[in-house]
Amino acid sequence: MEYEITNVKEWPRFLTGIDVVVPPRAEGRTKHHAEQWVAHKFFSFLSQHVEIFGVGYPLTITPGDRPDISIHTKDDSIGIEQTEVVQPDYARAVAIAKQENIEGVIDRSFFRWGQNELSLVQIRDIVSRKRLAGKPLMGDAVEKEFAQAVFDVVLKKDERLRQAGFGRHKKDWLLMYYNHIAWGIDCELAAKCASNKLASYWGDGFGRVFVIVNDCLVSFEPNSFVVYKT
């Protein structure tokens, strides 16, 4: 289904049509639920700052697959691929705790980005604990982990972008929801670290990468980044 927006006053009608109810993990949550929530947050910001994104009216928004969203204007086309940044074992841990009715404190510090996969026994042990027991992340560890996670996901999604059958546009963007360790994160520092990591990536792949983290929307382009408050 296509949605045409001819001026800024038509955004509320479009936004209210997006279902933002996201069930908990292991209670029917699907990729579609998450993508709807992220799209709503992204377009809510875009609707107030169209000039930042270089998008003009009228525009047509089309949900799809490969990419997840297409935006067409008179002179431009943008493909937006969406993804969630989440540590795989953490996602498993939340689902297991819910499915098996395990009442404990899920300590996210046990689920670091890039670590070796945990066994089912290890995950059950972690989710069964009644108090936080992991090692705290000190200094700029949270921001550096953000940078590595963003970089890894960009490379992974770039592979999908280049596969046969992916609908390339004049502009290809990647939109992420950062659902990893982000307590106390300094968005400016995290963005700077990630921008440095991404310096080796830019080329003929994604021309712009957006990351929603806490109350920030970070926009990355070759050799630059901007942090917006949502």
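Remember, predicted model here, so these are calculated numbers, not experimental data. (Residues numbered from 1 in each chain as written. Predicted model: local features only at pLDDT ≥ 70, side-chain atom pairs only at ≥ 80, totals over all residues. Heavy atoms only, no water.)

1. A closer look at the overall build of the chain
Line of reasoning, step 1. If you tally the helices and strands in the chain, you get 7 helices and 8 strands.
Line of reasoning, step 2. Relative to the globule expectation of 17 Å for 230 residues, the C-alpha radius of gyration of the chain, 19 Å, shows essentially globular dimensions.
Line of reasoning, step 3. Taking the principal axes of its C-alpha atoms as reference, the chain extends roughly 55 × 35 × 35 Å.
Line of reasoning, step 4. In the chain, which comprises 230 residues, the share counted as buried stands at 47%.
Line of reasoning, step 5. Working note: accessible area of the chain is about 11900 Å², and carbon and sulfur atoms make up 52% of it.
Line of reasoning, step 6. Charge centroids of the chain, computed over 29 positive and 31 negative side chains, lie 3 Å from each other. (Helix = DSSP H or I, 4+ residues; strand = E, 2+ residues; numbered from the N terminus. Rg over C-alpha atoms; globule rule 2.2 N^0.38 Å. Buried < 20%, exposed > 50% of the residue type's maximum accessible area, 1.4 Å probe, protein only. Areas by Shrake-Rupley, 256 points an atom, 1.4 Å probe, with all protein chains shown as cover. Lys, Arg positive; Asp, Glu negative; His and termini not counted. Charge placed at Lys NZ, Arg CZ, Asp CG, Glu CD.)

2. A look at the pairing of strand β8 (residues 224–229)
Line of reasoning, step 1. With 6 bridges connecting them, strand β7 (residues 216–221) and β8 associate as antiparallel partners. In the strand pairing of β8, Glu 221 is matched with Ser 224.
Line of reasoning, step 2. The hairpin turn running from β7 into β8, its antiparallel successor, is 2 residues long, and Asn 223 in that turn takes a positive phi close to 65°. (Pairing = 2+ DSSP bridges.)

3. Topic: unusual backbone geometry
Line of reasoning, step 1. The omega angle of the peptide bond from Tyr 57 to Pro 58 is -5°, so this bond is cis rather than trans.
Line of reasoning, step 2. Mapped onto the secondary structure, Pro 58 falls in the loop between α3 (50–53) and β2 (59–63).
Line of reasoning, step 3. The residue after Arg 66, namely Pro 67, is reached through a cis peptide bond having omega 5°.
Line of reasoning, step 4. Mapping Pro 67 onto the fold places it in the loop between β2 and β3 (69–72).
Line of reasoning, step 5. One non-glycine residue, Asn 101, adopts positive backbone phi at about 50°.
Line of reasoning, step 6. Structurally, Asn 101 is set in the loop between α4 (88–99) and α5 (120–127).

4. Considerations on the packing of α4 against α5
Line of reasoning, step 1. Here α4 crosses α5 at 65°, and the two axes come no closer than 10 Å. Of the possible angle classes, the one that applies to α4 and α5 is roughly perpendicular. In this structure, α4 crosses over α5, and the sense of that crossing is right-handed. On α5, the residues that touch Asp 89, Arg 92, Ala 93, Ile 96 and Ala 97 of α4 are Leu 120, Ile 123, Arg 124 and Val 127.
Line of reasoning, step 2. Tallied by class, the residues present in the contact of α4 with α5 amount to 6 nonpolar, no polar and 3 charged. (Axes fitted to C-alpha atoms, helices over the stretch in contact; angles between N-to-C directions. Parallel < 35°, antiparallel > 145°, perpendicular 65-115°, else oblique. Left-handed = near helix turned anticlockwise from the far one by under 90°. Contact = heavy atoms within 4.5 Å. Nonpolar A, V, L, I, M, F, W, Y, C, P; charged D, E, K, R; others polar.)

5. Some thoughts on the state of the cysteines
Line of reasoning, step 1. If you walk through the whole model with that rule in mind, you get 0 disulfides.
Line of reasoning, step 2. Among the cysteines around Cys 193, which has no disulfide bond, Cys 187 carries the closest sulfur, lying 12 Å off. (Disulfide = S-S within 2.5 Å.)

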